[in-house]
Amino acid sequence: MSDLSTRVNSARLPDYVGKTVRLACKPLQRSADLVTVQAADGGEVMVQLLRDVDIDASSYIEVVGKVMDATTVKMMSVIHLGPDLDMKLVNDTIELIHDPRFYTRMFT
Amino acid sequence: MSQYGDIYGGGGGFLQGGSPYSASGSPSGGRNKEASHSLRPLTVAQLLKATQAHADAEWTVDEAEIGQVTIVGQVVTIQSQTTNCVYWIDDGTGRIEARHWVDSTSEEDSAKWGGIEETKYVRVTGTLKTFGNKRYINATHIRGATDPHELYFHILEAITITLMVDRGSSSAASASGAAASAYTSPQAVSSAPDEYSHLPPLQQKIIRFISAQPRSDEGVHVSSIARATGTQGDAEKISDALDKLMDEGLVYSTIDDSHFNLST
């Protein structure tokens, strides 16, 4: 389905190359059009920024974007999630989403 | 029943399919009513996969009837029209429209719905409807989900309930077919709610035994519990289990230290 934007961590990215994903993460380092983020499982991912987008470095963000390769996501939009987010909970939830018992039945 | 119409129907007079039917006392009204008054957390993908036997039938997900539904997702677009407001909601598993019928005479309404903005996460509660070939949620309530954990809570809750519907249906079947069931001990098939299924077997037995007894303020004596659970002569084991249940607040002692009752 084209409307799908599956929630992923860095370990799941290689399975989604060419697809749209949602990546909850914490911004680590920003350059002009690239930001390095830490995904829910602790892995680092490069995010190609939209032009003129504002990233609040102290806030967790959810990047909706297209997976370019196993470690790069091209941002389509971004949602600020605020300064408090339990990343372990997020990662546990992501792993459950990808659990074969639930994935095709509830999340695709 | 009219009061439910007011609450769930919103301003537009769109009654939820289930309520009028169960109110009129259809033969299978008992179950229908229960389902149509329930509120189930779901993903959009589940809503898009829901099926309906015919146009007036109840919606079902995995063959379980759904009544009210609740989803958490991101508002993609908002189209405000004179009589209703259409929100496209994307929760990552799919997209669905949520329609809210506007009551322009009510100021309270505009205050309640005014805070919804595009790209924000919201929780939508309502009933599943179709218009032509398109599915939408007839929303009775939409509010911003300001805490990001609500989204993850919702996903986990949807998974939990899906599992519960799977497993609960089998336990419901065994409860209704109690006589024919393979269980030999009567307390095992008592109507103890599934909320206790996470407890160790002995604690479950104790809860199920107490709940199967006639209600009294005095509660149940520990010797009856020991007899029923087959732990006579092992006082330590049973007092251990009772202590744990008391720690969890599920059971309390009544007139003295050897009488117990359920907290709920």
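Residues numbered from 1 in each chain as written. Chains lettered and ligands numbered in written order. Predicted model: local features only at pLDDT ≥ 70, side-chain atom pairs only at ≥ 80, totals over all residues. Heavy atoms only, no water.

Draft legend 1. Spatial organisation of the overall build of chain B. Assigned secondary structure in chain B consists of nine helices and 12 strands. Put simply, of all contacts in chain B between residues at least 6 apart along the chain, 55% involve residues at least 24 apart. Carbon and sulfur atoms make up 52% of the accessible area of chain B, which totals about 13,800 Å². (Helix = DSSP H or I, 4+ residues; strand = E, 2+ residues; numbered from the N terminus. Contact = heavy atoms within 4.5 Å. Areas by Shrake-Rupley, 256 points an atom, 1.4 Å probe, with all protein chains shown as cover.)

Draft legend 2. Representation of the packing of aromatic side chains. In this structure the tally under the stated criterion is zero aromatic pairs over all chains. Taking the ring centre of tyrosine 60 of chain A as reference, the NZ or CZ of lysine 26 of chain A above it sits at 4.7 Å. (Phe/Tyr/Trp six-rings, centres within 6.5 Å; stacked < 30°, edge-to-face > 60°. Lys NZ or Arg CZ within 6 Å of the ring centre and 35° of its normal.)

Draft legend 3. Spotlight on the nonpolar core. Among the nonpolar cores identified, the biggest contains 43 residues, and Leu23, Met75, Val90 and Phe107 of chain A are the most heavily contacted of them. For this core, the elements supplying multiple residues, two or more each, are strand 2 (20–30), strand 3 (34–39), strand 4 (44–48), strand 5 (60–69), strand 6 (72–82), helix 1 (87–97) and helix 2 (103–106) of chain A together with helix 6 (149–176) of chain B. The residues touching methionine 75 of chain A, leaving out its near neighbours within four places in the chain, are Val47, Gln48, Leu49, Leu50, Val53, Ile55, Val63, Val64 and Gly65 of chain A. (Core = buried A, V, L, I, M, F, W, Y, C linked by side-chain atoms within 4.5 Å. Buried < 20%, exposed > 50% of the residue type's maximum accessible area, 1.4 Å probe, protein only.)

Draft legend 4. View of the side chain of threonine 43 of chain B. Among the secondary structure elements, threonine 43 of chain B is positioned in the loop between strand 1 (39–41) and helix 4 (44–49). For threonine 43 of chain B, a relative accessible area of 2% corresponds to the buried category. Polar side-chain contacts of threonine 43 of chain B include one of 2.5 Å to the backbone oxygen of methionine 106 of chain A. (Polar contact = N/O pair within 3.5 Å; in protein donor to acceptor, adjacent residues only side chain to side chain.)

Draft legend 5. Spatial organisation of unusual backbone geometry. A positive phi angle is found at aspartate 52 of chain A, which is not glycine, with a value near 60°. Residue placement: aspartate 52 of chain A occurs in the loop between strand 4 and strand 5. The class for aspartate 52 of chain A is exposed, based on a relative accessible area of 76%. Notably, aspartate 62 of chain B is not glycine yet its phi reads approximately 50°, a positive angle. By the secondary structure assignment, aspartate 62 of chain B is in the loop between strand 3 (59–61) and strand 4 (64–65). Looking at aspartate 62 of chain B, the relative accessible area reads 39%, which means it is partly exposed.

Draft legend 6. Spatial organisation of the interface of chain B and chain A. Opposite the 27 residues of chain B that make contact, chain A presents 26 residues. Summed over both sides, the interface of chain B with chain A buries roughly 2,300 Å², with 61% coming from carbon and sulfur. Notably, a salt bridge pairs aspartate 62 of chain B with arginine 105 of chain A, separated by 2.9 Å at the nearest N-O pair. At the boundary of chain B and chain A, one finds 13 residue pairs in polar contact (both at pLDDT 80 or more). Broken down by secondary-structure element, the contributors of at least two residues to the side of chain B that touches chain A are helix 4 and helix 6 of chain B. Broken down by element, the side of chain B that touches chain A gets its largest block of residues, 11 residues, from helix 6 of chain B. (Buried area = accessible area lost by both parts, 1.4 Å probe. Salt bridge = Lys/Arg side-chain N within 4 Å of Asp/Glu carboxyl O.)

Draft legend 7. Looking closely at helix 8 (residues 222–229) of chain B. All names here are of chain B. Burial in helix 8 covers these residues: Ile225, Ala226 and Thr229. What you see down the axis of helix 8 is that its buried residues fit within an arc of 100°, all on one side. In the segment just after helix 8, glycine 230 is the residue with positive phi, at about 70°. (Arc of directions from axis to C-beta.)

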